[in-house]
Amino acid sequence: MGRFDGRVAIVTGSARGIGGAAALRLASEGATVAFADINEAGAEAKAAEAGGSCFAVGVDIGDPESVAGLHETVLARCGKLDVLVNAAAIVPFVPWNDLTFEEWRRVLRVNLDGLYLMCRASSEAMRRNGYGRIVSLCSNSIFAGTPNMAHYVAAKGGVMTFSRALATELGGDRITVNCVAPGLTDTEGVQESPHKDAFDFCEMLQAIKGHGTPKDIVPAIAFLASEEAHWITGQTLVADGGMVRW
Ligand code: 4PL
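Residues numbered from 1 in each chain as written. Predicted model: local features only at pLDDT ≥ 70, side-chain atom pairs only at ≥ 80, totals over all residues. Heavy atoms only, no water.

The chain is annotated in an unreviewed UniProt entry as Pyridoxal 4-dehydrogenase from Tistlia consotensis USBA 355. A UniProt comment under Sequence similarities (unreviewed entry) is attached to the chain, and it reads "Belongs to the short-chain dehydrogenases/reductases (SDR) family." (UniProt positions renumbered as here; feature names shortened; annotations may be inferred.)

For the rest of this paragraph, the subject is the sheet that holds strand 6 (residues 175–182). Pairing in this open sheet of 7 strands is parallel, and the strands run 3-2-1-4-5-6-7 from one edge to the other. Each edge of the sheet is formed by a strand with only one pairing partner; in this case those strands are strand 3 (55–58) and strand 7 (236–239). Mean inter-strand twist for the sheet, computed between neighbouring axes without regard to direction, equals 20°. Bridge count between strand 6 and strand 7: 4 bridges; the pairing is parallel. By the bridge assignment, Pro 182 is partnered in strand 7 with Ala 239. With respect to the sheet, helix 4 (residues 101–129) is in contact with strand 1 (8–12), strand 4 (83–86), strand 5 (132–137) and strand 6, its orientation differing from that of strand 4 by roughly 170°. (Pairing = 2+ DSSP bridges. Helix = DSSP H or I, 4+ residues; strand = E, 2+ residues; numbered from the N terminus. Axes fitted to C-alpha atoms, helices over the stretch in contact; angles between N-to-C directions. Contact = heavy atoms within 4.5 Å.)

What follows deals with a nonpolar patch on the surface. Judged by side-chain polarity, Phe 201, Met 204 and Leu 205 come together as a nonpolar surface patch covering roughly 320 Å² of accessible area. Here Leu 205 shows up in helix 8 (residues 199–205). Overall, the relative accessible area of 38% leaves Leu 205 in the partly exposed class. (Patch = residues over 30% accessible without salt bridge, like charges linked within 9 Å, V, L, I, M, F, W, Y side chains within 5 Å. Areas by Shrake-Rupley, 256 points an atom, 1.4 Å probe, with all protein chains shown as cover. Salt bridge = Lys/Arg side-chain N within 4 Å of Asp/Glu carboxyl O. Buried < 20%, exposed > 50% of the residue type's maximum accessible area, 1.4 Å probe, protein only.)

Along its 15 residues, helix 3 (residues 64–78) runs 21 Å from first to last C-alpha, staying within 8% of the 21 Å computed at 1.5 Å per residue. Among the residues of helix 3, Ser 66, Val 67, Leu 70, His 71 and Val 74 are the ones counted as buried. All buried residues of helix 3 lie within an arc of 135° about the axis, which places them on one face of the element. Along helix 3, exposed side chains directed more than 90 degrees from the buried face belong to Pro 64, Glu 65, Glu 72 and Ala 76. On its buried side, helix 3 packs onto strand 1, strand 2 (32–37), strand 3 and helix 4. Phi for Gly 79, located one or two positions after helix 3, is positive at around 80°. (Expected span 1.5 Å × (residues − 1). Arc of directions from axis to C-beta.)

For residues besides glycine, phi is generally negative; the peptide bonds are generally trans as well. Residues other than glycine seldom take positive phi values, yet Asn 148 does so here, at roughly 70°. One can find Asn 148 in the loop between helix 5 (141–144) and helix 6 (150–170). The exposure class assigned to Asn 148 is partly exposed, which follows from its relative accessible area of 24%. One non-glycine residue, Arg 174, adopts positive backbone phi at about 60°. Structurally, Arg 174 can be placed in the loop between helix 6 and strand 6.

Evaluated as defined, the whole model comprises 0 disulfides. Just so you know, Cys 54 is unpaired, no disulfide at all, and the nearest cysteine sulfur is the one on Cys 78, 9.2 Å from it. For Cys 54, a relative accessible area of 13% puts it in the buried group. (Disulfide = S-S within 2.5 Å.)

Right, let's talk about the site of the ligand for a bit. Around the ligand lies a shell formed by Val 91, Ser 139, Asn 140, Ser 141, Thr 146, Met 149, Tyr 152, Gly 183, Leu 184, His 195 and Cys 202. Taking Ser 139, its side chain carries an N or O atom lying 2.8 Å from an oxygen atom of the ligand. Summarising the interface, the protein chains cover 94% of the accessible area of the ligand, which totals 300 Å² for the free molecule. Broken down by class, the residue content of the shell around the ligand amounts to 5 nonpolar, 6 polar and no charged. (Near = heavy atom within 4 Å. Polar contact = N/O pair within 3.5 Å; in protein donor to acceptor, adjacent residues only side chain to side chain. Nonpolar A, V, L, I, M, F, W, Y, C, P; charged D, E, K, R; others polar.)

Structure (C-alpha coordinates):
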(Lines give C-alpha, C1' and ligand atoms only; values in the text may rest on other atoms or scores of the structure.)
Protein backbone atom coordinates (compact mmCIF):
# COMPACT_ATOMS: atom_id res chain seq x y z
CA MET A 1 0.00 0.00 0.00
CA GLY A 2 1.69 3.17 -1.23
CA ARG A 3 0.84 6.85 -1.09
CA PHE A 4 0.74 6.94 -4.90
CA ASP A 5 -1.10 3.69 -5.67
CA GLY A 6 -3.22 4.22 -8.79
CA ARG A 7 -1.67 7.64 -9.48
CA VAL A 8 -0.19 8.70 -12.80
CA ALA A 9 2.74 11.14 -12.64
CA ILE A 10 4.98 13.01 -15.05
CA VAL A 11 8.41 13.96 -13.70
CA THR A 12 10.47 16.20 -15.98
CA GLY A 13 14.24 16.19 -15.59
CA SER A 14 14.03 12.61 -14.34
CA ALA A 15 17.07 11.18 -16.16
CA ARG A 16 19.24 12.13 -13.17
CA GLY A 17 19.62 14.44 -10.19
CA ILE A 18 16.73 15.55 -8.00
CA GLY A 19 14.15 14.77 -10.71
CA GLY A 20 15.50 11.24 -11.06
CA ALA A 21 15.33 10.61 -7.33
CA ALA A 22 11.84 12.11 -7.05
CA ALA A 23 10.55 9.97 -9.92
CA LEU A 24 11.99 6.79 -8.37
CA ARG A 25 10.34 7.67 -5.04
CA LEU A 26 6.89 8.22 -6.56
CA ALA A 27 7.26 4.93 -8.44
CA SER A 28 8.38 3.07 -5.29
CA GLU A 29 5.23 4.33 -3.55
CA GLY A 30 2.97 3.00 -6.29
CA ALA A 31 2.78 5.63 -9.05
CA THR A 32 2.95 4.95 -12.76
CA VAL A 33 5.64 7.50 -13.64
CA ALA A 34 6.43 8.95 -17.06
CA PHE A 35 10.16 9.65 -16.86
CA ALA A 36 10.37 12.73 -19.08
CA ASP A 37 13.72 14.19 -20.06
CA ILE A 38 15.53 15.64 -23.06
CA ASN A 39 18.09 12.90 -22.31
CA GLU A 40 15.87 10.05 -23.48
CA ALA A 41 18.50 7.34 -22.93
CA GLY A 42 18.98 8.48 -19.33
CA ALA A 43 15.22 8.54 -18.78
CA GLU A 44 14.93 5.01 -20.24
CA ALA A 45 17.54 3.74 -17.80
CA LYS A 46 15.80 5.33 -14.81
CA ALA A 47 12.37 4.06 -15.91
CA ALA A 48 13.83 0.56 -16.22
CA GLU A 49 15.24 0.93 -12.69
CA ALA A 50 11.77 1.91 -11.45
CA GLY A 51 10.21 -1.06 -13.26
CA GLY A 52 6.49 -1.82 -13.02
CA SER A 53 4.34 0.29 -15.31
CA CYS A 54 6.84 3.18 -15.54
CA PHE A 55 8.07 4.36 -18.92
CA ALA A 56 10.29 7.03 -20.49
CA VAL A 57 9.44 9.86 -22.88
CA GLY A 58 11.95 12.14 -24.60
CA VAL A 59 10.83 15.79 -24.35
CA ASP A 60 12.11 19.31 -24.84
CA ILE A 61 9.92 21.24 -22.40
CA GLY A 62 10.73 24.49 -24.23
CA ASP A 63 9.01 23.21 -27.38
CA PRO A 64 5.17 23.35 -27.42
CA GLU A 65 4.86 20.45 -29.88
CA SER A 66 7.19 18.27 -27.83
CA VAL A 67 5.19 18.99 -24.66
CA ALA A 68 1.93 18.23 -26.51
CA GLY A 69 3.41 14.92 -27.68
CA LEU A 70 4.43 13.99 -24.12
CA HIS A 71 0.91 14.61 -22.85
CA GLU A 72 -0.67 12.67 -25.75
CA THR A 73 1.59 9.71 -24.96
CA VAL A 74 0.82 9.76 -21.23
CA LEU A 75 -2.95 10.16 -21.69
CA ALA A 76 -3.12 7.49 -24.41
CA ARG A 77 -1.20 5.07 -22.19
CA CYS A 78 -2.60 5.88 -18.75
CA GLY A 79 -5.92 7.64 -19.41
CA LYS A 80 -5.36 10.41 -16.85
CA LEU A 81 -2.77 12.53 -15.06
CA ASP A 82 -2.62 13.11 -11.28
CA VAL A 83 0.84 14.51 -10.51
CA LEU A 84 3.32 16.78 -12.30
CA VAL A 85 6.80 17.30 -10.87
CA ASN A 86 8.69 20.02 -12.75
CA ALA A 87 12.37 19.28 -12.11
CA ALA A 88 13.82 19.91 -15.57
CA ALA A 89 16.04 22.99 -15.65
CA ILE A 90 19.30 24.34 -16.99
CA VAL A 91 21.69 25.17 -14.13
CA PRO A 92 24.16 27.66 -15.63
CA PHE A 93 27.37 29.16 -14.28
CA VAL A 94 27.87 32.46 -16.15
CA PRO A 95 29.17 35.68 -14.55
CA TRP A 96 27.18 38.83 -15.26
CA ASN A 97 29.87 40.26 -17.56
CA ASP A 98 29.53 37.24 -19.87
CA LEU A 99 25.75 37.02 -19.72
CA THR A 100 24.55 37.61 -23.29
CA PHE A 101 20.92 37.96 -24.27
CA GLU A 102 21.27 34.65 -26.15
CA GLU A 103 22.34 32.88 -22.94
CA TRP A 104 19.57 34.65 -20.98
CA ARG A 105 17.00 33.41 -23.52
CA ARG A 106 18.43 29.85 -23.52
CA VAL A 107 17.85 29.54 -19.77
CA LEU A 108 14.52 31.39 -19.64
CA ARG A 109 13.20 29.26 -22.54
CA VAL A 110 13.61 26.04 -20.55
CA ASN A 111 13.36 27.15 -16.92
CA LEU A 112 10.32 29.44 -17.28
CA ASP A 113 8.73 28.97 -20.73
CA GLY A 114 9.08 25.21 -20.16
CA LEU A 115 7.24 25.48 -16.84
CA TYR A 116 4.42 27.40 -18.52
CA LEU A 117 4.11 24.82 -21.30
CA MET A 118 4.12 21.86 -18.90
CA CYS A 119 1.57 23.46 -16.56
CA ARG A 120 -0.59 24.57 -19.52
CA ALA A 121 -0.86 21.02 -20.87
CA SER A 122 -0.94 19.13 -17.55
CA SER A 123 -3.54 21.35 -15.92
CA GLU A 124 -6.00 20.63 -18.73
CA ALA A 125 -5.69 16.89 -18.04
CA MET A 126 -5.89 17.41 -14.27
CA ARG A 127 -8.96 19.62 -14.60
CA ARG A 128 -10.77 16.83 -16.48
CA ASN A 129 -9.59 14.51 -13.71
CA GLY A 130 -10.93 16.79 -10.93
CA TYR A 131 -7.69 16.25 -9.01
CA GLY A 132 -4.07 17.29 -9.37
CA ARG A 133 -0.76 17.98 -7.68
CA ILE A 134 1.85 20.24 -9.31
CA VAL A 135 5.25 20.47 -7.57
CA SER A 136 7.93 22.63 -9.19
CA LEU A 137 11.60 22.82 -8.28
CA CYS A 138 12.61 26.33 -7.21
CA SER A 139 15.98 27.23 -5.61
CA ASN A 140 17.20 28.96 -2.47
CA SER A 141 19.28 31.13 -4.84
CA ILE A 142 16.19 33.34 -5.23
CA PHE A 143 16.67 34.37 -1.58
CA ALA A 144 20.50 34.34 -1.52
CA GLY A 145 21.11 36.08 -4.86
CA THR A 146 23.67 33.37 -5.65
CA PRO A 147 26.49 34.55 -7.98
CA ASN A 148 27.10 33.50 -11.60
CA MET A 149 23.49 32.67 -12.39
CA ALA A 150 21.47 35.90 -12.58
CA HIS A 151 19.27 34.53 -15.39
CA TYR A 152 18.65 31.29 -13.46
CA VAL A 153 17.76 33.29 -10.33
CA ALA A 154 15.37 35.40 -12.40
CA ALA A 155 13.70 32.30 -13.82
CA LYS A 156 13.42 30.56 -10.43
CA GLY A 157 11.87 33.69 -8.92
CA GLY A 158 9.31 33.34 -11.68
CA VAL A 159 8.79 29.68 -10.80
CA MET A 160 7.82 30.69 -7.26
CA THR A 161 5.58 33.65 -8.15
CA PHE A 162 3.94 31.91 -11.12
CA SER A 163 3.12 28.98 -8.81
CA ARG A 164 1.42 31.34 -6.37
CA ALA A 165 -0.76 32.67 -9.17
CA LEU A 166 -1.45 29.26 -10.71
CA ALA A 167 -2.56 27.95 -7.30
CA THR A 168 -5.32 30.56 -7.36
CA GLU A 169 -6.31 29.71 -10.93
CA LEU A 170 -6.53 25.95 -10.30
CA GLY A 171 -7.82 25.75 -6.71
CA GLY A 172 -11.41 25.38 -7.89
CA ASP A 173 -10.45 22.18 -9.73
CA ARG A 174 -8.88 20.57 -6.62
CA ILE A 175 -5.41 21.04 -8.07
CA THR A 176 -2.65 22.25 -5.73
CA VAL A 177 0.46 24.06 -6.95
CA ASN A 178 3.58 24.27 -4.77
CA CYS A 179 7.37 24.62 -4.98
CA VAL A 180 10.32 23.00 -3.25
CA ALA A 181 13.44 25.17 -3.02
CA PRO A 182 16.67 23.22 -2.48
CA GLY A 183 20.05 24.77 -1.96
CA LEU A 184 23.21 23.58 -3.67
CA THR A 185 22.69 19.81 -4.07
CA ASP A 186 25.21 17.09 -4.84
CA THR A 187 24.00 15.89 -8.24
CA GLU A 188 25.68 14.73 -11.45
CA GLY A 189 24.95 18.13 -13.00
CA VAL A 190 26.46 20.10 -10.12
CA GLN A 191 29.53 17.83 -10.05
CA GLU A 192 30.06 18.63 -13.76
CA SER A 193 29.96 22.39 -13.09
CA PRO A 194 31.95 25.00 -11.12
CA HIS A 195 29.06 25.04 -8.60
CA LYS A 196 30.69 22.00 -6.97
CA ASP A 197 33.27 24.36 -5.42
CA ALA A 198 30.57 26.20 -3.42
CA PHE A 199 29.68 23.41 -0.95
CA ASP A 200 31.96 24.77 1.81
CA PHE A 201 30.46 28.27 1.47
CA CYS A 202 26.92 26.90 1.66
CA GLU A 203 27.76 24.65 4.61
CA MET A 204 29.10 27.64 6.56
CA LEU A 205 25.62 29.21 6.36
CA GLN A 206 23.62 26.01 6.99
CA ALA A 207 22.05 25.34 10.40
CA ILE A 208 22.51 21.63 9.70
CA LYS A 209 25.96 20.78 8.35
CA GLY A 210 26.69 18.52 5.37
CA HIS A 211 26.11 18.41 1.62
CA GLY A 212 22.54 18.31 0.36
CA THR A 213 21.79 15.27 -1.80
CA PRO A 214 18.72 14.37 -3.88
CA LYS A 215 17.44 12.03 -1.16
CA ASP A 216 17.34 15.04 1.23
CA ILE A 217 15.02 16.93 -1.15
CA VAL A 218 12.72 14.09 -2.24
CA PRO A 219 10.60 13.84 0.97
CA ALA A 220 9.40 17.44 0.57
CA ILE A 221 8.51 16.82 -3.09
CA ALA A 222 6.70 13.56 -2.33
CA PHE A 223 4.72 15.13 0.53
CA LEU A 224 3.49 18.05 -1.58
CA ALA A 225 2.66 15.59 -4.41
CA SER A 226 0.61 13.39 -2.07
CA GLU A 227 -3.17 13.37 -1.58
CA GLU A 228 -2.92 14.38 2.08
CA ALA A 229 -1.23 17.72 1.25
CA HIS A 230 -4.58 18.94 -0.13
CA TRP A 231 -4.80 21.99 2.18
CA ILE A 232 -1.40 23.38 1.14
CA THR A 233 -1.17 25.39 -2.08
CA GLY A 234 0.72 28.36 -3.49
CA GLN A 235 3.61 27.67 -1.11
CA THR A 236 7.39 27.39 -1.44
CA LEU A 237 9.11 24.99 0.96
CA VAL A 238 12.86 25.55 1.38
CA ALA A 239 14.85 22.30 1.87
CA ASP A 240 18.48 23.41 2.22
CA GLY A 241 19.70 22.45 5.71
CA GLY A 242 18.63 25.90 6.92
CA MET A 243 20.99 27.94 4.73
CA VAL A 244 18.35 30.60 4.09
CA ARG A 245 15.22 31.49 6.14
CA TRP A 246 12.10 33.32 5.01
C1 4PL B 1 23.04 28.14 -3.23
O2 4PL B 1 20.06 26.17 -7.48
O3 4PL B 1 20.79 27.31 -4.78
C4 4PL B 1 24.52 26.88 -6.36
C5 4PL B 1 23.33 25.91 -8.42
N6 4PL B 1 24.37 27.41 -5.13
O7 4PL B 1 21.93 25.76 -8.64
C8 4PL B 1 21.27 26.19 -7.55
C9 4PL B 1 23.14 27.56 -4.60
C10 4PL B 1 23.43 26.50 -7.09
C11 4PL B 1 22.01 27.18 -5.29
C12 4PL B 1 22.19 26.67 -6.57
